[in-house]
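Structural overview
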Amino acid sequence: MQLSIVIPLLNEEKSIPELYQWLVKVLEANQFSFEVIFINDGSQDQSGKILDALGSQDSRVRVIHFQKNYGKSQALHAGFLKTKGEVVITMDADLQDSPEEIPELYSLINQEGYDLVSGWKKRRYDNVLTKNIPSKLFNAAARKISGLSLHDFNCGLKAYKSEVVKNIEVYGEMHRYIPLLAKNQGFSHIGEKVVKHQARKYGSTKFGAERFIFGFLDLITIWFFSKFGKRPMHLFGSMGVLMFLIGFITAFIIGAAKIYKLWHNIPDILVTQNPWFYIALSVMIIGSLFFLAGFLGELILRTQKNQKRYKISKTVN
């Protein structure tokens, strides 16, 4: 099979039929062998029934229903596990991503050898103040921290080699950083393609302004895990040892100075009246806590077990 199209969705009953027809028209015109995997992320409208009807009339449509809303990252994770195509395309179900981009994305992966190609919505139809400007700031920070020269990390339209989606772990809200997750797994041939962005036709966006705040926090998290996720003792242990030594040396100097002055009958305040003594003790305690945090992190890594992050109520095809 050439293509797997993975589409997470939440309450998109009006968009689904039109998106399905558009996809089939484009994919059949290009003579692709394909499957379309819809992940119903706990929709409360008629999306589930519409997807089941599509699955019953077209065996190329596969449907995963979540028990409740778990989020886009969990939906992508579930879809990636089920893909069979050589190339995997992800896109949103709100008709803002154009299926017309799929043939060229497929060519970039299959013929030009990219591991991952991320879409870039260069011209957007979103609100400038609430989406466009925050998005540019967010992407600038992501480029700086990740080292990837992508303009639009959060674009839902992306293409992957099958090996990429089978070897990355998408969790929490990390769908924004799939290119960075891929890079951390050794898939370094990552490209970008300008894609059409269309105004939302039905409904309203499922993401508010808070997504940018959470996005920055997730970026810090993924940076930390990429650097120290498998060796927390290297960060916390080294910080702890350094702080403990600074505090210990400071306390030693204070104590030695006090003994020297006592030996030579030089008047001096009590050690317990010296504010630097308490600062030194605090630094030693904090250093010990950092070291303990690193040690506990190492223990957790060695004892952790994989846990299911979502529950599937049923599947179709």
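Further up the page is the structure itself.
Attention here is on the structure that accompanies the text. (Residues numbered from 1 in each chain as written. Predicted model: local features only at pLDDT ≥ 70, side-chain atom pairs only at ≥ 80, totals over all residues. Heavy atoms only, no water.)

**Notes on the overall build of the protein**
The number of helices and strands found in the protein is 10 helices and eight strands. By the burial criterion, 46% of the 317 residues in the protein qualify as buried. For the protein, contacts bridging at least 24 residues in sequence account for 82% of all contacts bridging at least 6. Element-wise, carbon and sulfur atoms account for 59% of the exposed surface of the protein, whose accessible area totals about 17100 Å². (Helix = DSSP H or I, 4+ residues; strand = E, 2+ residues; numbered from the N terminus. Buried < 20%, exposed > 50% of the residue type's maximum accessible area, 1.4 Å probe, protein only. Contact = heavy atoms within 4.5 Å. Areas by Shrake-Rupley, 256 points an atom, 1.4 Å probe, with all protein chains shown as cover.)

**Observations regarding the sheet that holds strand β5 (residues 116-120)**
What the eight strands build is an open sheet, ordered β7-β5-β6-β4-β1-β2-β3-β8; its pairing is mixed. Single-partner strands in this sheet number two, and they are β7 (190-194) and β8 (312-316). Pairs of neighbouring strands in the sheet enclose a mean axial angle of 15°, with direction left out of account. As judged from the five bridges shared by strand β2 (residues 34-40) and strand β3 (residues 61-66), these two strands associate in the parallel manner. Among the inter-strand pairings, I39 is bridged to a residue of β3, identified as I64. On the sheet, helix α3 (residues 72-82) packs against β1 (3-9), β2, β3, β4 (87-90) and β6 (158-161) and is oriented at approximately 140° with respect to β3. (Pairing = 2+ DSSP bridges. Axes fitted to C-alpha atoms, helices over the stretch in contact; angles between N-to-C directions.)

**Notes on empty space enclosed by the protein**
Tallied over the entire structure, the rule returns one cavity of 30 Å³ or more. Taken as a whole, the largest cavity holds about 90 Å³ of empty space. What lines the largest cavity is a set of 13 residues, among which K72, L76, T90, C155 and G156 lie closest to the centre. Put simply, the parts of the chain that give the lining of the largest cavity at least two residues each are α3 and β6. Across the lining of the largest cavity, the residue classes tally to six nonpolar, four polar and three charged. (1 Å grid on protein atoms, 1.4 Å probe; cavity = no way out; pocket = protein on both sides within 12 Å on 5 of 7 lines; lining within 4 Å. Points joined across faces, edges and corners; volume = space filled by probe spheres on them. Nonpolar A, V, L, I, M, F, W, Y, C, P; charged D, E, K, R; others polar.)

**Thoughts on the pattern of salt bridges**
Where charged atoms from two side chains of opposite charge approach closely, those side chains can pair. Applying the stated criterion across every chain yields a total of 10 salt bridges. One salt bridge in this structure joins R62 and E35, with 2.8 Å as the shortest N-O distance. Separated by 27 residues along the polypeptide, R62 in strand β3 and E35 in strand β2 bring together distant segments of the chain. The buried category is assigned to R62, whose relative accessible area is 13%. Of the residues examined, E35 reaches a relative accessible area of 3% and is grouped as buried. In this structure, a network of salt bridges that share partners links the residues E28, D58 and R60. (Salt bridge = Lys/Arg side-chain N within 4 Å of Asp/Glu carboxyl O.)

**Here we look at the packing of aromatic side chains**
Enumeration over the complete set of coordinates arrives at six aromatic pairs. Both rings, one in F80 and one in Y160, keep their centres 5.7 Å apart while their planes meet at 65°; by these two values the pair is edge-to-face. Within this pair, whereas F80 is found in helix α3, its partner Y160 is found in strand β6, the two being separated by 80 residues in sequence. Residue F80 is classed as buried on the basis of its relative accessible area of 2%. Given a relative accessible area of 1%, Y160 falls into the buried group. Aromatic side chains F277 and Y278 sit 5.5 Å apart centroid to centroid with 75° between the ring planes, which places their arrangement in the edge-to-face category. Judged by its relative accessible area of 43%, Y278 falls in the partly exposed class. (Phe/Tyr/Trp six-rings, centres within 6.5 Å; stacked < 30°, edge-to-face > 60°.)

**Quick notes on the pairing of β2**
Taken across its seven residues, β2 has seven buried, putting it largely inside the fold. Of the two faces of β2, both are covered, the one formed by F34, V36, F38 and N40 as well as the one formed by E35, I37 and I39. Looking at chain direction, β1 and β2 are connected through seven bridges and run parallel. Residue pairing across strands places P8 opposite I39, the latter belonging to β2. On the question of chirality, the crossover connecting β1 to the parallel β2 by way of helix α1 (residues 16-29) is right-handed. The parallel pair β2 and β3, bridged by helix α2 (residues 47-57), forms a crossover whose chirality is right-handed. (Right-handed = clockwise from strand over helix to strand, strands pointing away.)

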